[in-house]
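Chain by chain, the residues run as shown.
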Amino acid sequence: MRLHEMDRKWLRTALIVLTLAIMQFTYWGEKIPLERGAGWDGQQYREEVQDVVHMLLDGRIDAYHMHRILPFVFSHGLLGCVGLPPTEGNAMTVTIVANLFIVFCSMMLFFRIADTQRWSRSTEVIGFSSVFFTVGVLKIWGYYPFLTDEMALFLALLSCFHYLTNQRKGLIADGVLGMLVWPMISLVVLVLVIFPMPASSQAPNDQTTKQPNDQAASHLLRLLFALWYPLLFAAFVVYKMRVHPGMPFAEMFALRPSQGMRLAMVAVAATAVFFYLATRWITLDVSYLFKQLTDRRNLLRIVAGCATFVVVYKVVELHSAPAMFSVGEELAQMAQLPASDILVFLEAPFLYWGPFFLLLMASWPSVCRAACREGSLGLLITVLMSLAFLVDIETRKHISFFPFLLVLALNHVDGLRLRSWVAPVFAVLSLLMSALFQRPRHAGGT
């Protein structure tokens, strides 16, 4: 039976069963060796699963982890419901079960998004493979279970669904929950709430919408995007030299070894060129932007949205210890990776998202044009944010933007009328990419 002839219900069932079967294999696979299978941050999260109530009352959760507490409150509640003692082994077991349930909910939510976009079966298989046949879902959930990735992916998909269906109240709820799961999602939601999708832009493959075009503004945007990273790197180097006078250049790089100052300069220049070229398909209409930014309702949304964001963010931190990770450290982290080697920051997204990253690069012009359609300012800002955060060494941060890029890329693919064999081949390639990280438990065990 050909893919396009297969009943959609049975096709979706087969995809779900295959995903869950592979995840069961991962459950019995190896665990990260650090902290007896908990990992770096996972040690803190495991303690939260075991005894989150007393940790909250004693103020033993810092602000950073407070903003990621919800998945482990959920696991703690599950641990109490089944009546298991709060041992490390039981904490890991209930967390893995909770993550499995969250991934299942994410699959159901993906199919809801597919229904709103009216994708073909082939496009749906490509999209499903892009989301779930990845190392983040098939490997990390079992190898490093004490993370927020699974719930962050679900919440990102949910915010995308609420945006596509113009459910503003749902988006606001997603933003509030994001403060307890992955604050980057709340930032994306803030942009989408301030600049929602107009009713005229809801058609998934509408090609009739006016394409705004202001050459001067577009070139200015490209120039700003080309310069922002070199300026960030220069600020990072100056800061290091002022705080640590005489520090050798190579020692400034804590995350990835530097290959020398000359190569670093070439890498910085290559990054600037990459951003300049990547924004060549972004077209702007200054009059439309001015209208959007000066519209009374939008001004009220901007003020109210930003104020609410800051208030909720700080309320979450009221009963927490000082954060171990600051905005300055985040910027320093972003400054280091691209300068360590030429375009090395493209490596991690490819390994994390697999063939979808190549698909996204191939369809990037169409993604940019779709994001630039009149009335989609919030979506355009989200796409630009996703591009800027490519330089971050933590590819997991891309989860916040991923569903929106996925929808834009798949809407383009859906109009290409691909041959029937393309989708199965894409799914197999995605599985093979994720299998590079699938290894049986080694003899010593972890």
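What this report covers is the structure whose coordinates are included nearby.

Conventions we followed
- Residues numbered from 1 in each chain as written.
- Predicted model: local features only at pLDDT ≥ 70, side-chain atom pairs only at ≥ 80, totals over all residues.
- Heavy atoms only, no water.
- Helix = DSSP H or I, 4+ residues; strand = E, 2+ residues; numbered from the N terminus.
- Rg over C-alpha atoms; globule rule 2.2 N^0.38 Å.
- Buried < 20%, exposed > 50% of the residue type's maximum accessible area, 1.4 Å probe, protein only.
- Contact = heavy atoms within 4.5 Å.
- Areas by Shrake-Rupley, 256 points an atom, 1.4 Å probe, with all protein chains shown as cover.
- Lys, Arg positive; Asp, Glu negative; His and termini not counted.
- Charge placed at Lys NZ, Arg CZ, Asp CG, Glu CD.
- Expected span 1.5 Å × (residues − 1).
- Polar contact = N/O pair within 3.5 Å; in protein donor to acceptor, adjacent residues only side chain to side chain.

1. Describing the overall build of the chain
- Counting its regular elements, the chain contains 22 helices and zero strands.
- For the chain, whose C-alpha radius of gyration is 22 Å, the value lies close to the compact-globule estimate of 22 Å for 446 residues.
- Oriented by its inertia axes, the alpha-carbon framework of the chain measures out at about 70 × 65 × 45 Å.
- Buried residues in the chain amount to 52% of all 446 residues.
- In the chain, the share of contacts with a sequence separation of at least 24, taken over all contacts with a separation of at least 6, comes to 81%.
- Total accessible area computed for the chain in this model is approximately 20,600 Å², and 68% of it derives from carbon and sulfur atoms.
- Seen as two clouds, the 35 positive and the 30 negative side-chain charges of the chain have centres 7 Å apart.

2. What to know about helix α13 (residues 261-278)
- With 18 residues, α13 extends 25 Å from end C-alpha to end C-alpha; this agrees with the ideal 26 Å at 1.5 Å per step.
- Residues of α13 that are buried include every one of Ala264, Ala267, Val268, Ala270, Thr271, Ala272, Phe274, Phe275 and Ala278, and no others.
- Among the structural elements, α12 (215-243), α16 (327-340), α19 (364-371) and α20 (377-388) are those in contact with the buried residues of α13.

3. Notes on the side chain of Ser430
- Inspection of the secondary structure puts Ser430 in helix α22 (residues 422-435).
- There is a polar contact of 2.9 Å between the side chain of Ser430 and the backbone oxygen of Phe426.
- When sequence neighbours within four positions are dropped, the list of residues in contact with Ser430 reads Ser129, Phe133 and Pro355.

4. Considering unusual backbone geometry
- For Arg118, which is not glycine, the phi dihedral falls at a positive 55°.
- Its place among the elements puts Arg118 in the loop between α5 (88-117) and α6 (121-132).
- A relative accessible area of 59% places Arg118 in the exposed class.
- Here Leu343, not a glycine, exhibits a phi torsion of approximately 55°, which is positive.
- Here Leu343 lies in the loop between α16 and α17 (347-353).
- For Leu343, a relative accessible area of 31% translates into the label partly exposed.

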